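What follows is the residue order along each chain.
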Amino acid sequence: MCGIIGYIGKKNAIQILINGLHREIYRGYDSSGIVVFGKNEPICIKAVGKIENLEKKLNSQSIEGNLGLGHCRWATHGEVTEANAHPHFDCQKNIFLVHNGIIENYKELKKKLEKEGHQFNSDTDTEVLTHLVEKYFQGNLEEAVRKALREVRGTYGIAVISKKDPQKIVAAKLSSPLILGINKDEFLIASDPSAIITHTRQVINLDDNEIAVLKPDNFFILREKPLTQIEWTPGDEKKGGYPHFMLKEIMEEPEAIENAIKGRLMIEEGSVKLGGFDEIQERLRKINKLILVACGTASYSARIGKYMLEEYAGIPTEVDVGSEFRYRKPIVDKNTAVIFISQSGETADTLASLQEMKKKEILTLGVTNVVGSTQARETNAGVYTRSGSEIAVASSKAFIGQLATLAMLTVYLGRQRDMALIMGKRIVSELSGLPDIAKEVLKSASEIKELAEKYKDFKNFWFIGRKYNSPIASEGALKLKELSYLHAEGIGGGELKHGHLALIDESFPTIAICPSDSVYEKMVSNIEEIKARKGPVIALATKNNKEIKNLVDDVIYIPKTLEMLTPILATIPLHLFSYYMAVLLKNDVDKPRNLAKSVTVE
Ligand code: G6P
């Protein structure tokens, strides 16, 4: 959601900025722009729609300059227009600024600035910052930025350049990610490591309230920061022969399990090793209440985590979405731990919830995919899911990585308590074989594609499941909505009769997740209820279940595994189904309309 890239060095900035933008657009965008300081005047070009539109405009002129900023915008304040696209500039076209985040008090600031004579060109909250910097500018850009930011409420990652204080980029952040890339004779600034990884792996994560000043030959920030080594390779962002990142990432789901468990399972001890928890082991033993907080797809892994943690670790567990939790008054004490689950580690509502818990000095833990993300840095301890970079907007393999990680966390906490060695061994050894079992599921891709062909003209879908697979019904429905734009709802099978059955008829198919587990018979009753009302049913059942064939219209089979791990296997066909539906409906499957990968605003 909004991407920033900045370059200062000896090379021509244009191509570096464009390449950086291409690597950031997966975050979600609807317009883009760049500013480059050429030999004489700053050149600022913006375009609505795809980056290619911006490139076309750039190609029609010859622009050279060693300093510039780029931005891709995902509209929050003001429509998708060129005027609202970044970079924004001040009245004198001296200051150019790009921003990720939201300035909450922009209306009052704008009023004040207009009274003082500033003229605005856009409807955005961001432009206020540009004029504020102008107001305080007296020849030193960082000084003006520092003063301007004092007046601002909200969140920001910004990069600013000025014609009258040239040869520098000033960058600052508060609750929006911003990293500096350090290279010989050049510096970059970006909201995402993927935008700079082809230039350098030496990065500094800017912290909240820090201001960085990048010059052609040196840089400084308020505090010294440790260098972080990025662990993934540029190849991660290539489609690897698949038509879409979405399909590539679904196909990598077995690998996501493998990466999550690699080196962590201790089969003989019936336990797991989570290095990130070493230092807080003793504190974890005393925890008697857990709260799992997440957003979107990650919140469904939290719901599954609750089933696992209560059944096998015996710890009372609550689940909430970040957008609700941050405004609640949860009952917590020194024996509560709050676990934040996020692929990006940058989701605004999850991070705000984390800050609330930090204020109360509650133990905060993270289950995060992106290394060095705000969540990873701000939590007391955590586990990386190691799912690799996820580019498609809708989360897929990262969700699988979260489920595998939560299963390990359950064993870790369970074995600290009453979980028997034999039970620990059972879960751990089943987890160790799960990547291969998951690969089996992928073999049914062509059957699932055929099913999508059969069902592509239906406009509404139910997804039902119970116990561990009730959240998977929600995930199946969300993924279908996100990718295919069809109406889908996911509920616990037992809830059907409380109102929802009223919608069932021949035109409203149901996908019933009914593996052979402790609630299988209950699911069969739910399927009967649907069939009695002529609703078409696709069942997701355990291999060798022949009975189910006589009851439903279509069956997708998954292999047998432990009940607590079935959500991992059940997810794969549902992700594939949504993917194929979206492709058949000719949707932009990697970048669904109106959505963003990393929701860094409230
Ligand atoms: C956005 C993405 C979803 C993701 C959610 C939470 O809505 O489009 O795919 O599940 O954010 O993101 P997180 O990075 O916190 O897991």
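Worth saying up front: this structure is predicted, and the values here are computed from it rather than measured. (Residues numbered from 1 in each chain as written. Predicted model: local features only at pLDDT ≥ 70, side-chain atom pairs only at ≥ 80, totals over all residues. Heavy atoms only, no water.)

## Quick word on the site of the ligand
Taken together, 15 residues are adjacent to the ligand, and Ser-342, Gln-343, Ser-344, Thr-347 and Ala-596 come closest. Between the ligand and the protein, one listed contact pairs an oxygen atom with a side-chain N or O atom of Thr-347 at 2.5 Å. Val-393 places a polar main-chain atom, nitrogen or oxygen, 3.3 Å from an oxygen atom of the ligand. Protein contact buries 90% of the 390 Å² of open area that the ligand shows by itself. Looking at the shell around the ligand, its residues break down into six nonpolar, seven polar and two charged. (Near = heavy atom within 4 Å. Polar contact = N/O pair within 3.5 Å; in protein donor to acceptor, adjacent residues only side chain to side chain. Areas by Shrake-Rupley, 256 points an atom, 1.4 Å probe, with all protein chains shown as cover. Nonpolar A, V, L, I, M, F, W, Y, C, P; charged D, E, K, R; others polar.)

## Thoughts on unusual backbone geometry
With omega at 0°, the peptide bond leading from His-86 into Pro-87 counts as cis. Considering the arrangement of structural elements, one finds Pro-87 in the loop between strand 4 (67-73) and strand 5 (88-89). Although it is not a glycine, Asn-544 sits at a positive phi angle of roughly 75°. Taking relative accessible area as the criterion, Asn-544 reaches 65% and is therefore assigned exposed. (Helix = DSSP H or I, 4+ residues; strand = E, 2+ residues; numbered from the N terminus. Buried < 20%, exposed > 50% of the residue type's maximum accessible area, 1.4 Å probe, protein only.)

## Digging into the environment of Glu-506
Position of Glu-506 relative to the elements: it lies in the loop between strand 23 (487-492) and strand 24 (510-513). Separated by 28 residues in the primary sequence, Glu-506 and Lys-534 have C-alpha atoms spaced 5.3 Å apart. Setting aside chain neighbours within four positions, we find Glu-506 in contact with Phe-458, Lys-534 and Pro-536. (Contact = heavy atoms within 4.5 Å.)

## Focus: the nonpolar core
Formed by 94 residues in total, the largest nonpolar core has its most connected members in Phe-277 and Phe-577. Structurally, this core is a two-domain feature, drawing no fewer than three residues from each of domain 2 (238-441) and domain 3 (443-602). Excluding residues that lie within four positions of it along the chain, Phe-277 makes contacts with Leu-284, Leu-365, Ala-381, Gly-382, Val-383, Leu-409 and Tyr-412. (Core = buried A, V, L, I, M, F, W, Y, C linked by side-chain atoms within 4.5 Å. Domains from an automatic or database assignment.)

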